[in-house]
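# Summary of the model geometry
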Amino acid sequence: KSHLHVTGFFNFTSLLSSPPNLAAFASTLRSWSSSGHTVSLVPQTSSDPSLYRLLLPLLDAVTYLILSSEEAKGISLRSAEEECLEFFAARCPSTTVVVTLGPRGSALVSGGRVTPIPASRCDKVVDPTGAGDAFAAGFVAGLMKGE
């Protein structure tokens, strides 16, 4: 079984500016997933909050969606984290959604259920730059190891 990891969705300007390209991309991801492969998507934060809604057609096209709380709020149009998680539980029950919550850890939304995952203990944060990327890399590496 193969895995496709897509990151930096908001850098794909040809998808963002063309509904037919976005539809073709979603179709390609669905085809890959339905062939027994897995797909993970990390959209990365957009400077234009209106673009988050472009991810809606992809929610059921990927196996794993890894989001920051900001991205989750932008996609779901919910301001409270609990409401965001409920949105994903209802909207895409076949997709595993992971939302990072900073020092509070993360939440895993799978099969319509929300599971909080506490953060590891850290005495001092020096610089959070790249923390989301490192989280996503560790998550995908764990998947590939079957963990």
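Heads up: the structure comes first, above all this text.
A brief look at the structure comes next. Keep in mind it's a predicted model, so treat the numbers as computed, not measured. (Residues numbered from 1 in each chain as written. Predicted model: local features only at pLDDT ≥ 70, side-chain atom pairs only at ≥ 80, totals over all residues. Heavy atoms only, no water.)

## A closer look at helix α5 (residues 131-144)
- The end-to-end C-alpha distance of α5 is 20 Å, a good match for the 20 Å that 14 residues give at a rise of 1.5 Å each.
- All of the buried residues in α5 are Ala136, Phe139, Val140, Gly142 and Leu143. Along the long axis of α5, the arc covered by the buried residues comes to 155 degrees, so they all point the same way.
- Close packing links the buried residues of α5 with β1 (3-7), β2 (38-42), β3 (64-68) and β4 (96-100).
- Where α5 ends, the next residue or the one after it, Gly146, has phi of about 80 degrees, a positive value. (Helix = DSSP H or I, 4+ residues; strand = E, 2+ residues; numbered from the N terminus. Expected span 1.5 Å × (residues − 1). Buried < 20%, exposed > 50% of the residue type's maximum accessible area, 1.4 Å probe, protein only. Arc of directions from axis to C-beta. Contact = heavy atoms within 4.5 Å.)

## Here we look at the packing of aromatic side chains
- Applying the stated criterion across every chain, the model contains 6 aromatic pairs.
- Ring centres 5.1 Å apart and planes at 85 degrees place the aromatic pair Phe87 and Phe88 in the edge-to-face group.
- Here the aromatic cluster, defined as three or more aromatic residues joined through ring pairs, consists of Phe9, Phe10, Phe12, Phe25 and Tyr52. (Phe/Tyr/Trp six-rings, centres within 6.5 Å; stacked < 30°, edge-to-face > 60°.)

## Quick notes on the environment of Thr96
- Within the element layout of this structure, Thr96 appears in strand β4.
- Here Thr96 falls in the buried class, since its relative accessible area comes to 12%.
- Filtering out sequence-adjacent residues up to four positions away, Thr96 remains in contact with Thr63, Tyr64, Leu65, Leu108, Val109 and Ser110.

## Remarks on the packing of helix α3 (residues 69-76) against helix α4 (residues 81-91)
- Across the interface, α3 lies against α4 with an axial gap of 9 Å and an inter-helix angle of 65 degrees. The hand of the α3/α4 crossing is left-handed. Of the residues in α4, those touching α3 at Ser69, Ala72, Lys73, Ile75 and Ser76 are Glu81, Cys84, Phe87 and Phe88.
- Residues belonging to the contact of α3 with α4 are distributed by class as follows: 5 nonpolar, 2 polar and 2 charged. (Axes fitted to C-alpha atoms, helices over the stretch in contact; angles between N-to-C directions. Left-handed = near helix turned anticlockwise from the far one by under 90°. Nonpolar A, V, L, I, M, F, W, Y, C, P; charged D, E, K, R; others polar.)

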